[in-house]
Amino acid sequence: MHNYTIAELVKGLQSKQFSSVELTQHFLARIRQFNDQYNAVITVTEDQALQVAQLADQRLATGSAPALCGVPLLHKDIFCTKGVRTSCGSKMLDNFIPPYNATVVENFEQTGAVMLGKTNMDEFAMGSSNETSFYGPVKNPWATDCVPGGSSGGSAAAVAGRLAPGATATDTGGSIRQPAALCGISGLKPTYGRVSRWGMIAFASSLDQAGPMARTAEDCALLLNCMASFDDKDSTCVDREVPDYSASLNKPVKGLRIGIPKEYFSEGLHPGTEAAVKKALTDLEAQGVELVEISLPNSDLSVPAYYVIAPAEASANLSRFDGVKYGYRCENPKDLQDMYCRTRSEGFGEEVQRRILIGTYCLSAGYYDAYYGKAQQVRQLIEQDFVKAFADVDLIVGPTCPSPAFKFGAKGDDPVAMYLEDIYTIATNLAGLPGMSVPCGMVEGKPVGLQIIGNYFDEARMLNLAHQFQQVTDWHTQAPEGIL
Amino acid sequence: MNWETVIGLEVHVQLATKTKIFSAASTSFGAEPNTQACAIDLAMPGTLPVLNEQAVHYAVMFGLAIDAEIGQVSVFERKNYFYPDLPKGYQTTQLEKPIVGRGAVGIQLADGSTKSIRIHHAHLEEDAGKSVHEGDLPLGSSGVDLNRAGTPLIEIVSEPDMRSIEEAVAFAKKLHSIVTSIGICDGEMSQGSMRFDVNVSVRPMGSTELGTRTETKNLNSFKFMEEAIEKEVERQIDVIEDGGTIRQETRLYNGDTKVAKAMRSKEEANDYRYFPCPDLLPVIVSDDTIEALRRALPELPDARQARFVTQYALSLYDAGVLSSDASIASFFETVANSCGNPKLAANWAMGELSAALNNAGLGFADSPVSAEQLAEMIARIVDSSISGKMAKQVFEAMWQGEGNVDDIIDAKGLKQVSDSGALEKIVTDVLEANPAMVEDFVSSDENKRKKKLGGFMGQIMKVSKGQANPQQVNQILLQKLNELL
């Protein structure tokens, strides 16, 4: 059952081929059996899942249940779940049980989807390898000595390892696309404002966006149909009709103009990755798309701009974790200052502290204009690059990340090398554009991701291209050894 | 040397919205700690602010009331600092693009002169909670009450245009008058609805350069503000005259103990690391909204003062006092219109009633004697049913809740005797009972007689138990005594 796609599970559930309870029990059993190897799931909500599955079966019995009713899913532990510990991968929130659901969680609950549990992640979504989690690193199912990518590494590994057919994730600089690429699955970061951020613990508010992870583009469309909604609890959420993303999957792609940014094929790109991506481009061309070389001249500025803006916002967003109201508080503080210092030094990991310090520095008097002010200007330049490009092309395609999954510790003591993992993904966050990654090849037995970037709110066209690509390739059906 | 005082004010005004600036929690005062703080106010992870439109409208109304530029695109920023009563670790406020730009407020001084105080800007922001150091708390710990966290404020920043304590107080009172008149603030100073930070410096008279200023924060009454400025001016002059220099610093003044002290110097000041809040979009106020608010703007204190002078023939001073506050003005107008005697209505509202309310710590809106009751009482003075003196007793009884005017007059037997036959009899009886006084009056020369009338009046009032109509008695008495000459 765990090799079915979500689309197939929906058919099976609606046609009573199996029940939601059976399905839920099956995936709970897989989590019990395999999670020790991957460390992908950090909270399993077994009792709640079985109750919800029972209710889903009742709804399914009426014959008028929504598409995802009864489908088991995992939520990244960044989404607040009412009554269920939401840690954000941090010691700081190891004891935090929210009294409310994130809108994303609520949307899935309404539709009758079954939450199996919560997935591991880089602490406060800060990381590209899942090594910064308080709960230990997640292992890549394709090579357990390698990282799964981050920060949504738990969700990606869980989907790749068939512990769930799909999972929610978030992407601030590549945190959906990069782990999707490294784990050989499909993942989509929607346009900023498409999915509500309410109840999603903030890392960098102007960049954070939630999206789905699944094995296929078709499944991502099904999940996004439910995730995307207008929410008046999030002032940055855009009040715009949510199209049926499944409806346009089979449109012919012939004649689509696809931009290939030359800056995404320069130094630093692994030759194996490059070869896989170029082969994918040939496959697309064979389907009738027109490839056009384009330039995104400010691409090289995206990582530096991002590492000013994201930490600046994070430094303020994480100030609320002060030991006063909830979460971790140090033992026996001798005074207020001591409580703040020790709570935050003990509660936050090294990478989170590094980013808080960077952000605080960038916003400080005398540095603001040189860092934050300049980074905002760069952000506008990057946005303009895309606006110009999309005047000429329908979609942009390139590699998701420079190389396949690396070994644990390989970039551990070099933050800049780690930050370059997101060199191809960060620009879309800065511009607020949607981007996705689909599997497009293997290098040294590890998956390679193909990135598809769309214009604002053009997720349907991205999914259309990705789905059509998956009709002529089988990378998305491959599984790590011992899984099938 | 003669010193000139230079004062600028930053005034925090709590907006009278039902709910908080970024959440749906109630803003009402006095609830049990932390019962009016929702997940957003507590800065729970993943929560997001949604701007209260009413707060924006109130801020725009203030801008219109002081004829200021309205920031049609204003931006919320985060002001970062750690304090337990600040749940997010930053205050959401405005800095570069405030909602209200430059404007001016006119003040009137006791000598009748007027002055315009420039407003630099006014911005929207959220209030913090309160630290609690008393009550049922474990030893050595403090509590936090977040009921107030997220209450909408406008902070009004003046230019350093005031040159005396009198001007500063007049300005503060004028702001109070404006914000209560347009209904954007309840004006309850004791509940912290208006709080003042005063920036004070001194300089040699005639100098055009500003001296180093200090800021005394969080004064919540006009009186404390006055005291704090007075003390600070004295302190600064002493320091300079003793050869010292003024440190730029933040100070606190305790109105109860009358002690002022330095809190932190400029060097110790926080670097607030302001930056635009990414959770909130820029606030756009359309021309249509501004025009609609302008049309609906209630009468402003200056316009009301002018109207009171013409409509009720009040002096400029009386009109100023009665128009300063929406609740006083509406109380006065109800009394004046129902009793038909604006002058008496003004005297009673500003005199007896105002004093009683002050003593009881009440506002006009909560007066135990209603405007209708006061009007009925004044009507009884006007129709000579009671004298002004009796009216004070009637007022006292109404204040104590002893009923309406006529019942009190009956119950206390206060009805004034105006029946001329009865009065004539009383006068005759008194004259007959006091032949020596009559003799003394008749034998005195003309200019001394006037003074001797008082003696007869006293006797007559005693006999009539104070109920005789004094004007009528006076007439009858004069007539009778003149007959004897």
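Remember, predicted model here, so these are calculated numbers, not experimental data.

Caption draft 1: How the structure looks around the overall build of chain B. Counting its secondary structure elements, chain B contains 15 helices and 15 strands. Over its C-alpha atoms chain B spans a radius of gyration of 30 Å, topping by over 25% the 23 Å that the globule rule assigns to 485 residues. The C-alpha extent of chain B, read off along each of the three principal axes, is 95 × 55 × 55 Å. Across the 485 residues in chain B, those meeting the buried criterion constitute 39%. Taking all contacts inside chain B whose residues are at least 6 apart in sequence as the whole, residues at least 24 apart take part in 69%.

Caption draft 2: Representation of the interface of chain B and chain A within the structure. In this complex, chain B contributes 26 residues to the contact, which on the side of chain A involves 37 residues. Considering only residue class, the side of chain B that touches chain A consists of 18 nonpolar, three polar and five charged.

Caption draft 3: Geometry of the sheet that holds strand β14 (residues 275–276) of chain B. Residues and elements named next belong to chain B. Spatially, the three strands line up as an open sheet ordered β4-β3-β14, and their pairing is antiparallel. Looking at which strands have only one partner, the edges of the open sheet turn out to be β4 (90–94) and β14. The pairing of strand β3 (residues 76–80) with β4 spans five bridges and is classified as antiparallel. Paired with N80 across the two strands is Y90, which belongs to β4.

Caption draft 4: Seen up close, the sheet that holds strand β5 (residues 103–108) of chain B. All names here are of chain B. Strands sit in the order β5-β6-β9-β1-β10-β11-β12-β13 across an open sheet of eight strands; the sheet is mixed. Edge positions in the sheet fall to β5 and β13 (259–265), since each has one partner strand and no second. The average angle at which neighbouring strand axes cross in this sheet is 30 degrees, direction not considered. Bridge count for strand β11 (residues 214–219) against strand β12 (residues 249–254) is four bridges, and the pairing is parallel. The residue of β12 that forms the bridge with T216 is R251. Docked against the sheet, helix α3 (residues 222–241) engages β1 (3–14), β10 (194–204), β11, β12 and β13, running at close to 25 degrees with respect to β10.

Caption draft 5: Fine view of helix α12 (residues 369–390) of chain A. For α12 of chain A, built from 22 residues, the straight-helix expectation of 32 Å at 1.5 Å per residue is met to within 8% by its first-to-last C-alpha distance of 30 Å. Every buried residue of α12 of chain A is listed here: Y371, Y372, A375, R379, I382, D385, F386 and F390 of chain A. Buried-residue contacts for α12 of chain A involve α9 (302–317), α11 (350–363) and α14 (426–431) of chain A together with β14 of chain B.

Caption draft 6: Expanded view of the domain arrangement of chain B. Residues and elements named next belong to chain B. As far as domains go, chain B holds domain 1 (3–291), domain 2 (299–411) and domain 3 (420–484). Each of domain 1 and domain 2 has a C-alpha centre, and the two are 34 Å apart. Taken residue by residue, the interface counts ten residues in domain 1 and eight residues in domain 2. Looking at the side of domain 1 that touches domain 2, the elements with two or more residues in it are β5 and α2 (165–181). At five residues, the largest contribution of residues to the side of domain 1 that touches domain 2 is made by α2. Per-class residue counts for the side of domain 1 that touches domain 2 are two nonpolar, seven polar and one charged.

Caption draft 7: A look at unusual backbone geometry. Looking along the chain, the bond that leaves G150 of chain A and enters S151 of chain A is cis, with omega of 5 degrees. Along the chain, S151 of chain A turns up in the loop between β3 (114–119) and α5 (153–160). Residues other than glycine seldom take positive phi values, yet C88 of chain A does so here, at roughly 55 degrees. For D67 of chain B, which is not glycine, the phi dihedral falls at a positive 55 degrees. Its location among the elements puts D67 of chain B in the loop between α1 (53–65) and β2 (73–74). The class of D67 of chain B is partly exposed, set by 13 C-beta atoms lying within 10 Å.

Caption draft 8: Expanded view of the packing of helix α12 (residues 420–433) of chain B against helix α14 (residues 446–463) of chain B. All names here are of chain B. Look at α12 against α14: their axes get within 10 Å of each other, and the N-to-C directions meet at 120 degrees. The angle between the axes of α12 and α14 places the two elements in the oblique class. The interaxial crossing formed by α12 with α14 has right-handed handedness. Along the contact surface, α12 presents I426, V427, D429 and V430, while α14 presents F456, Q459, I460 and V463. Residues that form the contact of α12 with α14 fall into these classes: six nonpolar, one polar and one charged.

Caption draft 9: Broad picture of the pairing of strand β6 (residues 114–126) of chain B. Residue and element names in this part refer to chain B. Strand direction decides the pairing type here: β5 and β6, joined by six bridges, are antiparallel. Bridging across to β6, A104 finds its partner in R118. Between β5 and β6, which follow one another and run antiparallel, lie five residues, and G112 among them has a positive phi close to 90 degrees. As paired strands, β6 and strand β9 (residues 152–158) are joined by seven bridges and run antiparallel to one another. Following the sheet pairing, H121 is matched in β9 by V157.

Caption draft 10: Quick look at the pairing of strand β6 (residues 209–214) of chain A. All names here are of chain A. For β6, the tally of buried residues reaches six of six residues, placing the bulk of the element in the interior. Inspection of the sheet shows strand β4 (residues 166–171) paired to β6 by six bridges, in the antiparallel sense. Bridge assignment links T170 to a residue of β6, and that residue is A210. Both strand β5 (residues 186–189) and β6 contribute to a ladder of two bridges, which runs antiparallel. Each residue of the ladder has a partner; that of S186, found in β6, is A214.

Caption draft 11: Examining the nonpolar core more closely. In this structure, L73, V114, L116 and L395 of chain A are the most contacted members of the largest nonpolar core, which totals 151 residues. Look past the residues within four positions of L73 of chain A in its chain and what remains in contact with it is F108, A113, V114, M115, L116, A164, G166 and A167 of chain A. In terms of nonpolar packing, the next biggest core, distinct from the first, is built from 56 residues, I21, F171, A172 and M194 of chain B among them.

Caption draft 12: Focus on the packing of α1 of chain B against helix α4 (residues 287–296) of chain B. Residue and element names in this part refer to chain B. Between α1 and α4, whose axes approach to 10 Å, the crossing angle comes to 65 degrees. Of the possible angle classes, the one that applies to α1 and α4 is roughly perpendicular. Crossing of α1 against α4: the hand is right-handed. Seen from α1, the contacting residues are H57, V60, M61 and L64; seen from α4, they are I290, L293 and R294. Class assignment for the residues of the contact of α1 with α4 results in five nonpolar, one polar and one charged.

Caption draft 13: Representation of the environment of E106 of chain A. Along the polypeptide, E106 of chain A turns up in helix α4 (residues 103–111). Placed 121 residues apart in sequence, E106 of chain A and M227 of chain A show a C-alpha to C-alpha distance of 9.1 Å.

What counts, and where the lines are drawn
Residues numbered from 1 in each chain as written. Chains lettered and ligands numbered in written order. Predicted model: local features only at pLDDT ≥ 70, side-chain atom pairs only at ≥ 80, totals over all residues. Helix = DSSP H or I, 4+ residues; strand = E, 2+ residues; numbered from the N terminus. Rg over C-alpha atoms; globule rule 2.2 N^0.38 Å. Buried ≥ 20, exposed ≤ 12 C-beta atoms within 10 Å, placed from the backbone. Contact = placed C-beta atoms within 7 Å. Nonpolar A, V, L, I, M, F, W, Y, C, P; charged D, E, K, R; others polar. Pairing = 2+ DSSP bridges. Axes fitted to C-alpha atoms, helices over the stretch in contact; angles between N-to-C directions. Expected span 1.5 Å × (residues − 1). Domains from an automatic or database assignment. Parallel < 35°, antiparallel > 145°, perpendicular 65-115°, else oblique. Left-handed = near helix turned anticlockwise from the far one by under 90°. Core = buried A, V, L, I, M, F, W, Y, C linked by C-beta atoms within 7 Å.

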